[in-house]
Structure formats: C-alpha cells, structure tokens
Amino acid sequence: MKEKEQLILQLIRQNPFIAQSELAERLGLSRSAVAGYISSLMKQGKIIGRAYVLPEPSRIVCIGGANVDRKAQADASIQFGTSNPVSVTQTCGGVARNIAEMLGKLGQPVSLITVVGDDQEGDWLLSTTSAYVDISQTVKFKGTNTGTYTAVLDGSGEMVVALADMAIYDAISPDFIQKRWPHISSASAVLLDTNFSSEVLSFVIGRCREEGIPLCVVPVSTPKVKKLPKDLRGVTWFIANEEEAFALAGREGTVEAAIDAILSLGVENIIVTRGARGIVYKNKQTHGQIPAPKIDVVDVTGAGDAFVSGFLYGINRGESFVRACKLGMSSSIITLQTNETVCSQVTEQMIKETYQHYFSLEEL
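Each value, and the rule that gives it
Residues numbered from 1 in each chain as written. Predicted model: local features only at pLDDT ≥ 70, side-chain atom pairs only at ≥ 80, totals over all residues. Heavy atoms only, no water. Pairing = 2+ DSSP bridges. Helix = DSSP H or I, 4+ residues; strand = E, 2+ residues; numbered from the N terminus. Axes fitted to C-alpha atoms, helices over the stretch in contact; angles between N-to-C directions. Contact = heavy atoms within 4.5 Å. Core = buried A, V, L, I, M, F, W, Y, C linked by side-chain atoms within 4.5 Å. Buried < 20%, exposed > 50% of the residue type's maximum accessible area, 1.4 Å probe, protein only. Parallel < 35°, antiparallel > 145°, perpendicular 65-115°, else oblique. Left-handed = near helix turned anticlockwise from the far one by under 90°. Patch = residues over 30% accessible without salt bridge, like charges linked within 9 Å, V, L, I, M, F, W, Y side chains within 5 Å. Areas by Shrake-Rupley, 256 points an atom, 1.4 Å probe, with all protein chains shown as cover. Salt bridge = Lys/Arg side-chain N within 4 Å of Asp/Glu carboxyl O. Disulfide = S-S within 2.5 Å. Phe/Tyr/Trp six-rings, centres within 6.5 Å; stacked < 30°, edge-to-face > 60°.

Right, let's talk about the sheet that holds strand E14 (residues 287–290) for a bit. On the basis of which strands lie adjacent, the open sheet formed by 8 strands has the order E4-E1-E9-E10-E11-E12-E13-E14 and mixed pairing. Of all strands in the sheet, those bounded by a partner on one side alone are strand E4 (110–113) and E14. Strand-to-strand twist of the sheet, defined as the mean angle between neighbouring strand axes without regard to direction, takes the value 15°. In this fold helix H13 (residues 321–336) packs onto strand E11 (237–241), strand E12 (269–273), strand E13 (279–282) and E14, with an angle of close to 160° to the strand it touches most, E13.

Turning to the nonpolar core, a few remarks are in order. By size, the foremost hydrophobic cluster in this structure holds 45 residues, and its most contacted members are Ile63, Leu215, Leu228 and Phe238. Apart from the residues lying within four places of it in its own chain, the contact partners of Leu228 are Thr194, Leu201, Ile205, Val217, Phe238 and Leu248. Ranked by size, the runner-up nonpolar core spans 41 residues in total, among them Ile239, Ile271, Phe311 and Tyr313.

The geometry of helix H4 (residues 95–105) relative to helix H12 (residues 303–316) is characterised by a closest axis approach of 9 Å and an angle of 50° between their N-to-C directions. With respect to each other, H4 and H12 are oriented oblique. Judged by the twist between their axes, the crossing of H4 over H12 is right-handed. Counted together, Val95, Asn98, Ile99, Met102 and Leu103 of H4 and Asp305, Ala306, Val308, Ser309, Leu312 and Tyr313 of H12 form the full contact between these two elements.

Here the focus is a nonpolar patch on the surface. A surface patch of nonpolar side chains, about 390 Å² in accessible area, is lined by Phe80, Val160, Val161 and Leu163. Checked against the element boundaries, Val161 lands in strand E8 (residues 159–165).

Relative to E8, strand E7 (residues 148–153) runs antiparallel, the two being bridged by 6 bridges. What sits directly across from Ala151, in E8, is Ala162.

Now for the sheet that holds E7. Spatially, the 4 strands line up as an open sheet ordered E3-E2-E7-E8, and their pairing is mixed. Each having just a single partner strand, strand E3 (86–93) and E8 make up the two edges of the open sheet. Adjacent strand axes in the sheet meet at a mean angle of 15°, parallel and antiparallel pairs treated alike. Here strand E2 (residues 67–74) pairs with E3 via 8 bridges, running antiparallel. From the neighbouring strand, Lys71 faces E3, where its bridge partner is Thr89. Each of E2 and E3 is contacted by helix H5 (residues 120–129), which is oriented at about 55° to E3, the strand it contacts most.

Scanning the entire structure with this criterion turns up 0 disulfides. Left without a disulfide partner, Cys343 is nearest to the cysteine sulfur of Cys92, which lies 15 Å away. Cys343 gets classed as buried once you look at its relative accessible area, which sits at 4%.

For the rest of this paragraph, the subject is the pattern of salt bridges. One pass over the full model with this rule turns up 14 salt bridges. We note a salt bridge from Glu211 to Arg207, for which the minimum N-O separation is 2.7 Å. Residue Glu211 and its partner Arg207 are both found in helix H8 (residues 198–211); the two are separated by 4 residues, about one turn of the helix. In this structure, Glu242 engages Arg277 in a salt bridge whose closest nitrogen and oxygen atoms are separated by 2.2 Å. Taken together, the residues span a long stretch of sequence, with Glu242 in helix H10 (residues 242–249) and Arg277 in the loop between E12 and E13 at a distance of 35 residues. Glu242 sits in the buried class, given a relative accessible area of 19%. Taken together, the shared-partner salt bridges in this structure form one network comprising Arg317, Glu319, Arg323 and Glu348.

Moving on: the packing of aromatic side chains. The final tally for this structure, using the stated rule, is 8 aromatic pairs. Their ring planes at 55° and their centres at 5.6 Å tell us that Tyr169 and Phe196 sit as a pair that is tilted. Residue Tyr169 is located in the loop between E8 and helix H6 (174–178), and its partner Phe196 is located in the loop between strand E9 (189–193) and H8; the two are separated by 27 residues in the primary sequence. With a centroid separation of 5.8 Å and an interplanar angle of 85°, the aromatic rings of Tyr281 and Phe321 are classed as edge-to-face.

Here it is in structure tokens:
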C-alpha cells in the first residue's frame, strides 16, 4: 500500500490537477482503488483539499489566540467615577498570532489556526496577519466579538486595571481542531498556546504524541498554564517564564526543581525565560543557562513571543537545541529595543546578525 501511495504522490507532484481516472489508468488500478488511496493520503495530511494541493515543506502551524490589544494611558493620575483624558494605542495581539507573524517575517512557511469575530476588529487582525501568515484555517464566528485585551495605565505607566473579552475561545472544541487535522498533521512543527479550553489542549497534545508531530507549548499566563493536562508526553518543547513554570510545577523553590517537576510530566525539552537574567534550559542530554546580554531596553512587551519565534526559526532550520535557544534570545533582543509587540522591521538577516554579534562568530 505504501508503494502505491508513493507512486500516486509522485504523479500528483508532476500534475496536481491529474484526474483519478488517469491515475487509475497509469497505475493499472481501478478507479475505486485510487479513490481509497487518495482518501488515505488526505487523512495523513500528505495532500490537502481539492486539486491535490501538496503541503509546504517545513511549515509551522500555530494554534491559539488572535486578539486586539489596546492600551489606554492616562495623562495624569486616574480619577475614579469621572472621565479621564487618555492616549489610546491599538496593536494586533494573541500569543499564537504574534509568533506566527514573526515567523513569517523571518521567512518561515507558517499558518495560523484561530477564531475571530465577524467584526471590524477581526477584519483588521486578518488583514494585518495575512501579509505574512497563511490564514486559510482561521474562522470568523458570526455574532461573537473578536478577542480583545485592554490595559488602563495611570500617568506613570503603571497598570490600574486590565479588561479581557476572550469569550470567543470558549466556542472552540476538539471537533474544530479535528476538522483541520489534515492541515496540522502535515506540519514540521506545531505551536500551541493555552488560550483554548483544557479539552482542546489535551486533544492537540494527545494527537501530536500519537502521530509523532513535534509540538511546542507556550503558556499565555500563569492562570492559563493550569489548563494543561498532567500528562505532557508529546510536548517536545515547553517554553515558559518563571511564574508560569512554578504554577505548572505546583511548587515554589528553585527554578531547577520546577524544571525537573515539569520534565517528570513527560516534556522532552524545557526552557524557562528569566528576563534580564537570561534563560535556563534542560533535557535528558544537556542542561545549562544562557545569560542575557546587556542592552538598552525600550519595551519588554512581546519579548517572550519573540523568543519563541526565534527558537522555532532555529529548530525549523535544523539548528541544535542550544543554538535555537540563542536564536530565540537574538529575536528577543531585537524586539526589546523597539516599542512594538512584533518588530515591524525584523528580517532573517537581522536575526542572523544579532546572533553573531551577541553569541557567536559562526555563520548561520
């Protein structure tokens, strides 16, 4: 059977519009037999949709949130019970969406599986994201608001209150993911944030484990990391900050103890980001720390997402675990020196030059 499937794939590569009748004639098979092979190949994700579209090589699929982030900063101290003059800024957000956009800017084939509302905010998010990311698997839900996060800051820049409307993600079920599994199963790696329900997270982790698909899990926040299942076998890389790592480990103490606790849940590789103190990494073969270079920080917003993007960029290029970590830090360095969540000017050449400047003189 495998031999016949390979022959069919070879003919489809030569002509994606080839008819099943022609395939049957050239292979000496019945039309119904060819239809069975085609159905099997589609379930495996080796061909996608009509016209036998072949999956892109080394494509990363990002599953998770896509939000509109707003920041309202008061001109002076907040006065409750009355109107306050503020300056409002709006950016695209969502951990999975941010990571996907930056991967696209770094020249990586990437797609995004998420949901937005059938509203102006959703249109804006998709329009902005589609310049760098395949959004063919993203869905608009009618009668539901696009996810939004609004932070209100006082005159000194301290957050007074944050307002999150993320109800749209409650509508996502394992069946929603199952319908898109042929697209997911053909990926070189999957990125999963924790915006969706516990049931969805468990489903994706379990399927990736069963099918041997490399999976990177990134918590959105300390509360949302607790939605992850206790069985994390199938998670190839887990990337979190210290607070998230302690929350998942269910203990305080040293970061090393938290790392060991998470590895005991089945994670293969773990990275804990520690801001200005750099990162700690560990797997069965190696462990260590990489200090953060001293730089002039403009804004820390988006630095964590940038790290994940740079790391997956390295993994997708076939770099070692440690070198991918350094590429992740290079990506963070670029973002930290801007006031943008996703640096608009970032390029593949820029991340290579940053890596060489701060971590190595080797050519990438």
